[in-house]
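# Notes for the structure review
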Amino acid sequence: MFISKVVEGNVMSILPLLSRHEAEEFLFKEARLIDEDKLEEWLTLFTEDGIYWLPYDDTTDPHEETSIIYDDSRQREKRIYQLRHKHLAQDPPSRTIHFISNVEVEETETPTEVIVLCNSMVTEMRPGDHQYLQHGLSKPRTLSGRCKYRLHQEGDDWKIAIKQVDLIDRDLPLENITFII
Amino acid sequence: MNTEALIKETEDDFRVHSRIYTDPEIFNLEMQKLFEEGWCYVAHESEVPNVGDFRTSAVGRIPVIVSRGDDGKVYVNVNACRHRGTVVCREERGNTRFFVCPYHGWSYKRDGTINNITDRDNFPDDWGKDIKGLIAADHITNYRGMIFASFNPDVESFDTHMGPLKKYVDFWFDHAVEGHVRVLKPWRALYQGNWKFQLENSTDGWHARYVHVSALKTLTEFGEYNSNVGWAGCTRGFAGGHGILERPRGDIPPELKSTFDMFQQELKSKYGDEYGEDMFVRRHITIFPNIQLMEFKLRIIQPVAVDQTIVYEFPVELVGTSSEVNESIRTRLFKEVSISSGSPVSGMVNADDVEIYARTQAGLSGGHMAWLRFGRGIHREKSERENEWSGQDMDELPQRCLYRKWLKAMS
Ligand code: FES
Ligand SMILES: [Fe+2]
């Protein structure tokens, strides 16, 4: 859990690369950005070649087999651009609340990278149908998933190299996921 | 049920009653007449390539097992034990020697024939001699790898059902050097609306400029769509209820252009210029009642209830075609650069269609909006071939052909 870090003056001290507390702060901030619809800022949390991935099966190669979502930075930008330009399935847009728990930090071979594991539960609802005419609209829906983040240290910041969310119902036919998990 | 009263066609108008989207009784009749007693797609051959491979599927409401027997042939059997009806196989796909019922242990061979009735000693000698195996489909057909089944001994011939659509389906499969495709694992989507909304929509050339405004705007912004191509092409409809929307190929992004040019050149040298040109036109092909051949993906519509539908989309690999071309196709599909592609659940395009289906289902609540109108271009339907009609690219011609067939099959 702890590695040696060279600090100024060549004195060796034992510091965690990223503490659980720091990891939580990072995850809570990400959740807040999504829930407060600050999606342009959410985009900046990723590394340039960062990936946002909702697999059907994480043992398959996402370039060879289908995923629910497999977004590189360009895809993420397109996704947010479309949300801001009358994406019918997001008009009105979803409201979300992210609950994050069971956070654990694991080190990797690379000194500038850690794996952060957590559970996430997302409650989502699209308002806009006060008569309850449209089935599924105006009704909170819950998505639960096991998350795996690979975080990369860039200067003082941590950035997302991969955000992977394994939904518990990933292999079933799913309704629209046009918001950010 | 008097289905005649549900579709009204006159010289210059075409109306469909809203009950066909909302009435569970009509839904059940559709499942029987159109799916179970018609020709229903059950699986693609490439999903069961080896002896013992199986995949569970459905024909309308009937659960089935599609499996490859010891003789290498594909079989379609009802997925219910002949003893007391328990589902015999629950896995979606796999490979097995026997299908064993979990209730009292009866077992069936790969082709569905009976292997063992347990505790034989406790039955009269001749008991159960009539049980030859799981209940087999009355007819099975394999057309270019697509497996169809029918639970109607007197179903019309598959050739008659397909009619002149065959030519276009062949175009689609001829894109592969070896003439057939392999399907990848599907995207799976669920929507809260009637199955026919999806059936109507893929050949509806009119809605894109409204429903897909945001997708087109996004693709244009990111330099992935050439809006100069404009809206051209045509629609086609068939006596079998099938339909086609044809569009010129205008949205190939710059980074894939050279591969696609090479791809078409290969096809032209294989089939000749004329065929190579004609087959390469972009087409959405609907095979009645539940298949849509889209751009390099096979879409299957699986109705669940009158107001709930599952859609499977299988990206395809063109067998024998260069890996460069196949890779470009995957890039195009997975990254949603094509306006007709991408994950249906979270992609740029289908998610918006699905929103319309649910919203239309909502509008039909209460049944007071009784008649849906499909009149666009009804005054200019043309027929150059028997059982085939054509119209302008945004005409509601494929939908009219679909409902003419619907009425015939339902009565
Ligand atoms: S129901 Fe299958 S063995 Fe009894
Ligand atoms: Fe559409």
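Residues numbered from 1 in each chain as written. Chains lettered and ligands numbered in written order. Predicted model: local features only at pLDDT ≥ 70, side-chain atom pairs only at ≥ 80, totals over all residues. Heavy atoms only, no water.

## Digging into the packing of aromatic side chains
Here is the rule we go by: Two rings belonging to Phe, Tyr or Trp (six-membered ring only in the last case) form a pair when the distance between their centres is within 6.5 Å. Interplanar angles under 30 degrees mark stacking, angles over 60 mark edge-to-face geometry, and anything in between is tilted. Accessible area is worked out with a 1.4 Å probe on protein chains only. A residue is then buried under 20% of its type maximum, exposed over 50%, and partly exposed in between. Per the convention used, a helix needs a DSSP run of H or I reaching at least four residues, while a strand needs a run of E reaching at least two, with both numbered from the N terminus. The rule is short: NZ of Lys or CZ of Arg within 6 Å of the ring centre and within 35 degrees of the ring normal puts a charge over the ring.
Inspection of every chain in the model, using the stated rule, returns 27 aromatic pairs over all chains. Ring centres of Phe123 of chain B and Trp127 of chain B lie 4.4 Å apart, and the angle between their planes is 25 degrees; this geometry places the pair in the stacked category. For Phe123 of chain B, a relative accessible area of 26% puts it in the partly exposed group. When the centroid spacing of 5.1 Å and the interplanar angle of 70 degrees are considered together, the rings of Phe171 of chain B and Tyr275 of chain B count as edge-to-face. Separated by 104 residues along the polypeptide, Phe171 of chain B in helix H4 (residues 166-173) and Tyr275 of chain B in helix H9 (residues 273-279) bring together distant segments of the chain. For Phe171 of chain B, a relative accessible area of 4% translates into the label buried. For Tyr275 of chain B, a relative accessible area of 30% gives the class partly exposed. By the ring-pair criterion, three or more aromatic residues cluster together here, those being Trp39, Tyr41, Tyr143, Phe148 and Phe158 of chain B. One Lys or Arg, Arg76 of chain A, reaches over the ring of Phe46 of chain A and ends 3.9 Å from the middle of that ring. It is Arg376 of chain B that lies over the ring of Trp206 of chain B; its NZ or CZ is 4.5 Å from the centre.

## A closer look at unusual backbone geometry
Glycine aside, negative phi is the norm for most residues, and most peptide bonds take the trans geometry. A cis amide bond, omega 5 degrees, links Asp91 of chain A with the succeeding residue Pro92 of chain A. Among the structural elements, Pro92 of chain A can be located in the loop between helix H3 (73-83) and strand S5 (95-107). Looking along the chain, the bond that leaves Phe288 of chain B and enters Pro289 of chain B is cis, with omega of 0 degrees. In this structure, Pro289 of chain B sits in the loop between strand S17 (282-287) and strand S18 (291-294). One non-glycine residue, Asn102 of chain A, lies in the positive phi region at around 55 degrees. Looking at where Asn102 of chain A falls in the secondary structure, it is placed in strand S5. Despite not being glycine, Asn387 of chain B has its phi angle at roughly 65 degrees, a positive value. Of note, Asn387 of chain B is situated in the loop between strand S22 (382-385) and strand S23 (388-392).

## Examining the coordination of the iron ion (ligand 2)
All names here are of chain B. Here is the rule we go by: Note on donors: an N, O or S atom is included if it sits within 2.8 Å of the metal, or within 3.2 Å for Na, K and Ca, and water is never included, so sites can look incomplete. Labels for metal geometry use angle windows, namely 85 to 135 degrees for all angles of a four-donor tetrahedral site, and for square planar (four donors) or octahedral (six donors) sites opposite donors over 155 degrees apart plus all others within 65 to 115; sites meeting none of these are irregular.
The protein atoms that coordinate the iron ion (ligand 2) are His207 (NE2), His212 (NE2), Asp353 (OD) and Asp353 (OD), at distances of 2.1 to 2.4 Å. Bound by four donor atoms, the iron ion (ligand 2) shows angles of 56 to 145 degrees at the metal and therefore irregular coordination geometry. Written as a sequence motif, the donor residues of the iron ion (ligand 2) are H-x4-H-x140-D. Pair noted here: His207 is in the loop between helix H5 (195-201) and helix H6 (208-211) and Asp353 is in helix H11 (residues 350-363), with a separation of 146 residues, a long-range link.

## Comments concerning the packing of H3 of chain A against helix H7 (residues 213-221) of chain B
Counted only if it meets this: Orientation is described by axes fitted as lines to C-alpha atoms, over the contacting stretch for helices, and by angles from 0 to 180 degrees between their N-to-C directions. Note on terminology: angles under 35 degrees are roughly parallel, angles over 145 are roughly antiparallel, angles of 65 to 115 are roughly perpendicular, and the others are oblique. Here is the rule for handedness: rotate from the far helix to the near one, and if that takes an anticlockwise turn smaller than a right angle the crossing is left-handed, while a clockwise turn gives right-handed. Two residues qualify as a contact provided that any one of their heavy atoms is within 4.5 Å of a heavy atom in the partner residue.
Axis separation between H3 of chain A and H7 of chain B bottoms out at 9 Å; the angle between their running directions is 135 degrees. When the interaxial angle is binned, H3 of chain A and H7 of chain B end up oblique. H3 of chain A and H7 of chain B meet at a crossing whose hand is right-handed. In this structure, H3 of chain A contributes Lys78, Tyr81 and Gln82 of chain A to the contact, and H7 of chain B contributes Ser214, Ala215, Lys217, Thr218, Leu219 and Glu221 of chain B.

## Looking at the sheet that holds strand S6 (residues 113-125) of chain A
Residues and elements named next belong to chain A. Basically, it comes down to this: Two strands form a pair only when DSSP identifies at least two bridges running between them.
Pairing is mixed across the open sheet formed by six strands, whose spatial order is S4-S3-S8-S7-S6-S5. Two strands lie at the open edges of the sheet, namely strand S4 (67-71) and S5, each paired on one side alone. Averaged over all adjacent pairs, the angle separating strand axes in this sheet is 20 degrees, with direction ignored. Summarising the sheet, strand S7 (residues 141-154) and strand S8 (residues 157-167) pair through 10 bridges and their orientation is antiparallel. Bridging across to S8, Gly145 finds its partner in Leu167. Of the strands in this sheet, S5, S6, S7 and S8 touch helix H1 (residues 20-35), which is tilted by about 160 degrees from S5. Contacts between H3 and the sheet are confined to strand S3 (46-55) and S4, with S3 contributing the most and set at about 75 degrees to the helix.

## Things to note about the interface of chain A and chain B
Counted only if it meets this: In short, buried area is how much 1.4 Å probe accessible area vanishes from two parts on joining, totalled over both. Whenever Lys or Arg places a side-chain nitrogen within 4 Å of a carboxyl oxygen from Asp or Glu, that contact is recorded as a salt bridge. In protein, a polar contact means a hydrogen-donor-capable atom and an acceptor-capable atom, both N or O and within 3.5 Å, with residues adjacent in sequence counting only if both atoms are side-chain atoms; elsewhere, any N or O pair within 3.5 Å suffices. Residue classes follow a fixed rule: Ala, Val, Leu, Ile, Met, Phe, Trp, Tyr, Cys and Pro count as nonpolar, while Asp, Glu, Lys and Arg count as charged, and any other residue, Gly among them, counts as polar.
Facing the 35 residues of chain A at the interface are 40 residues of chain B. Where chain A abuts chain B, roughly 3400 Å² becomes buried across the two surfaces, and 50% of that area is made up of carbon and sulfur atoms. Summed over the shared surface of chain A and chain B, the result is two salt bridges. One can count 22 residue pairs in polar contact (both at pLDDT 80 or more) joining chain A with chain B. Among the elements that line the side of chain A that touches chain B, the one with the most residues is H3 of chain A, at seven residues. For the side of chain A that touches chain B, the per-class residue count stands at 12 nonpolar, 12 polar and 11 charged.

## Concerning H1 of chain A
Residue and element names in this part refer to chain A. Operational definition: Under the convention used throughout, the expected extent of a helix is 1.5 Å for every residue step, that is, one less than its residue count. Picture the helix axis, draw a direction to every C-beta atom, and the arc is the one those directions span.
In this model, H1 (16 residues) spans 22 Å end to end at C-alpha, consistent with the 22 Å of a helix rising 1.5 Å per residue. Within the sequence span of H1, burial applies to Ala23, Phe26, Leu27, Glu30, Ala31, Leu33 and Ile34. For H1, the arc enclosing every buried residue in end-on projection is 160 degrees, short of the 170-degree limit, so these residues lie on one face. Among the structural elements, helix H2 (39-43), S5, S6, S7 and S8 are those in contact with the buried residues of H1. A positive backbone phi angle near 60 degrees is found at Asp37, which sits one or two residues after H1.

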